[in-house]
Amino acid sequence: MDYALGHGINFVDTAYTYHEGDSERFLGESLKKHNRSSYYLSSKYYVSANPDIRALFEEQLRRLQTDYLDFYLLHGMDENSFDAFTDESRDYIGFLQEQKRLGRIRYLGFSSHAAPETLSRFLEWYDGFDMALLQLNYIDWKLLNAKRQYEIVTAHNIPIWVMEPMKGGILSSLNPKAAKILKDAAPNRSLASWGFRFLMGLPNVRTILSGMSSIAQIKDNLTIFDKPDPLSSQEIKILEKAADAFLEDRSVPCTGCRYCCSVCPAGLDIPLLIKGYNEHRVSGETWRIAGLSRIKHGPESCLQCGLCLKHCPQKIEIPHIMKQFAAVRK
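Procedures and definitions
- Each chain has its residues counted from 1, running along the sequence as written.
- Local features in a predicted model are, by the rule used here, given only for residues with pLDDT of at least 70; side-chain atom pairs are given and counted only at 80 or more, and totals for whole chains, interfaces and linings are based on all residues.
- Just so you know, side-chain values use all the structure's heavy atoms and leave hydrogens and water out.
- Note on conventions: DSSP H or I runs of at least 4 residues are helices, E runs of at least 2 residues are strands, and numbering of each starts at the N terminus.
- Burial classes: relative accessible area under 20% of the type maximum marks a residue as buried, over 50% as exposed, and values in between as partly exposed (1.4 Å probe, protein chains only).
- The contact definition used throughout considers only heavy atoms, calling two residues in contact when any of these lie within 4.5 Å.
- Among buried residues, those of type Ala, Val, Leu, Ile, Met, Phe, Trp, Tyr and Cys that are joined through side-chain atoms within 4.5 Å constitute a nonpolar core.
- Only strands that DSSP links by at least two bridges are regarded as paired with each other.
- Interaxial angles span 0 to 180 degrees and are taken between N-to-C directions of axes, which are lines fitted to C-alpha atoms, for helices over the stretch in contact.
- A side-chain nitrogen of Lys or Arg and a carboxyl oxygen of Asp or Glu constitute a salt bridge if their distance falls within 4 Å.
- Working definition: a ring pair exists when centres of Phe, Tyr or Trp rings (six-membered ring for Trp) sit within 6.5 Å. Plane angles under 30 degrees give stacked, over 60 give edge-to-face, the rest tilted.
- Throughout this description, any angle smaller than 35 degrees is read as roughly parallel, any larger than 145 degrees as roughly antiparallel, any in the 65 to 115 degree range as roughly perpendicular, and the remainder as oblique.
- Working rule for handedness: look at the near helix, and if it is turned counterclockwise from the far one by less than a right angle, call the crossing left-handed; if clockwise, right-handed.

1. As for the overall build of the protein
1) Next: Of the regular secondary structure elements, the protein holds 14 helices and seven strands.
2) Next: Dimensions of the protein, computed from the C-alpha atoms along their principal axes, are close to 65 × 55 × 35 Å.
3) Next: For the protein, with 330 residues in total, the buried portion stands at 50%.
4) Next: Pairs at least 24 residues apart make up 72% of the contacts formed inside the protein by residues separated by at least 6 positions.

2. Description of helix α2 (residues 22–31)
1) Next: Of all the residues in α2, the buried ones are Ser23, Glu24, Leu27, Gly28, Ser30 and Leu31.
2) Next: At its buried positions, α2 is contacted by α1 (2–6), β1 (11–13), β2 (40–45) and α3 (53–64).

3. Comments concerning the environment of isoleucine 208
1) Next: By secondary structure assignment, the location of isoleucine 208 is in strand β7 (residues 205–208).
2) Next: Each C-alpha atom, one on isoleucine 208 and one on phenylalanine 225, is 10.0 Å from the other, the two residues being 17 residues apart in sequence.
3) Next: Excluding residues that lie within four positions of it along the chain, isoleucine 208 makes contacts with Val162, Pro165, Phe196, Leu199 and Phe225.

4. Observations regarding the nonpolar core
1) Next: Counting residues in each nonpolar core, the largest one holds 98 residues, and the members touching the most others are Phe129 and Leu136.
2) Next: Looking at this core element by element, the count peaks at seven residues for helix α12 (residues 233–247).
3) Next: Once residues lying within four places of it in the same chain are set aside, the contact partners of phenylalanine 129 are Leu74, Ile93, Leu108, Gly109, Phe110, Phe122, Leu123 and Ile158.
4) Next: Ranked by size, the runner-up nonpolar core spans eight residues in total, among them Phe11, Phe71, Leu73 and Met131.

5. Focus on the sheet that holds β2
1) Next: As summarised here, the arrangement of the seven strands in space is β1-β2-β3-β4-β5-β6-β7, forming an open sheet in which the pairing is parallel. Each edge of the sheet is formed by a strand with only one pairing partner; in this case those strands are β1 and β7. Neighbour-to-neighbour, the strand axes of this sheet turn through a mean angle of 30°, independent of strand direction.

6. Focus: the pattern of salt bridges
1) Next: One pass over the structure, following the stated rule, counts 26 salt bridges.
2) Next: Between glutamate 248 and lysine 177 there is a salt bridge, with the nearest N and O atoms lying 2.9 Å from each other. In this pair, glutamate 248 is assigned in the loop between α12 and α13 (270–283) and lysine 177 in helix α9 (residues 176–185), connecting sequence segments 71 residues apart.
3) Next: The exposure class assigned to lysine 177 is partly exposed, which follows from its relative accessible area of 46%.
4) Next: Here the salt bridges share partners, and the residues they tie into one network are Asp140, Glu164, Lys167, Glu279, Glu285 and Arg288.

7. Focus: the packing of aromatic side chains
1) Next: A complete count under the given rule lists 22 aromatic pairs for this structure.
2) Next: With a centroid separation of 6.5 Å and an interplanar angle of 55°, the aromatic rings of phenylalanine 11 and tryptophan 161 are classed as tilted. With phenylalanine 11 in strand β1 and tryptophan 161 in strand β6 (residues 160–163), this pair connects stretches of sequence that are 150 residues apart.
3) Next: When its relative accessible area of 16% is taken as the criterion, phenylalanine 11 is described as buried.
4) Next: Plain terms: the ring middles of phenylalanine 71 and tryptophan 161 are 5.4 Å apart, the flat faces sit at 55° to each other, and that makes the pair tilted. Placement of the pair is phenylalanine 71 in strand β3 (residues 69–77) and tryptophan 161 in strand β6, with a sequence separation of 90 residues.

8. Details of unusual backbone geometry
1) Next: Of note in the backbone geometry, glutamate 164 takes a positive phi value of approximately 50° without being a glycine.
2) Next: In this structure, glutamate 164 sits in the loop between β6 and α9.

9. A look at the packing of helix α10 (residues 191–200) against helix α11 (residues 215–224)
1) Next: Interhelical geometry of α10 versus α11 gives an angle of 40° and a closest axis separation of 10 Å. One finds that α10 runs oblique with respect to α11. For the crossing formed where α10 meets α11, the hand is right-handed. Touching Ala192, Ser193, Phe196 and Met200 of α10 are Asp220, Asn221 and Ile224, all from α11.

Given below as structure tokens:
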């Protein structure tokens, strides 16, 4: 932390639930020796941790040993938290606006893993945010429809901060085939630099968060961000080729046409389940997939009847995929 702040990094991001609360407590101790005006501090309100935002906010200030936050976000807006955040009886926005008036919050934002449709509804409900924190990287640009999320927030003239630019570190290593494509094109550049430079090319991206865990990673990021250096059109083509190589053995090429859904006797949302399967294959997790936790019928409900097969333009072995997905979800 001292090295990062001493070499030009000036944005520190945390949240109430990170490391079971130890993240805020650690930062409170770590940052108190630094001039408070030399860095921007951001934290978040996670409604599932405590529906009482007033009590939780005061606890966060005590943990962080500060009397104000530069950025304060509604944490993890998605299909599961939408109703709570928009509940007028809780008046979360009213409380946060009052804290802004008092100078205890300088900028108000939200983070989101929601589907584009939910994100649109949320910003139709309230679009007075100063910023939005989205999961953006060159894999999720298509895999999790991050491109559409970027477009929606940009249309509302809300600046974007980026989380998971390396998709939890996955894009810092890749698989051998994808890594070779990038290393052949630029032997002296790190694999991570390609992901960061992809984001530099998005005009509405203002800040990129990076989960650095070593001095070497900090130094690499400082070098990457020393000056603006977005990918050229030729480099974008190379990156797309590497992304395809990375995904070819990890994902199923479902286009979401939904021709299979109308004939499924189990009523499965097959494209959504395949999206969940793909994300599990890539990251080992599925919680980022909007709506997956709310579906009535999971992959284990597949009857293995095969009626979907002749309706799939991509010739995907859907029953086999459902069987595999059900096995890893147990």
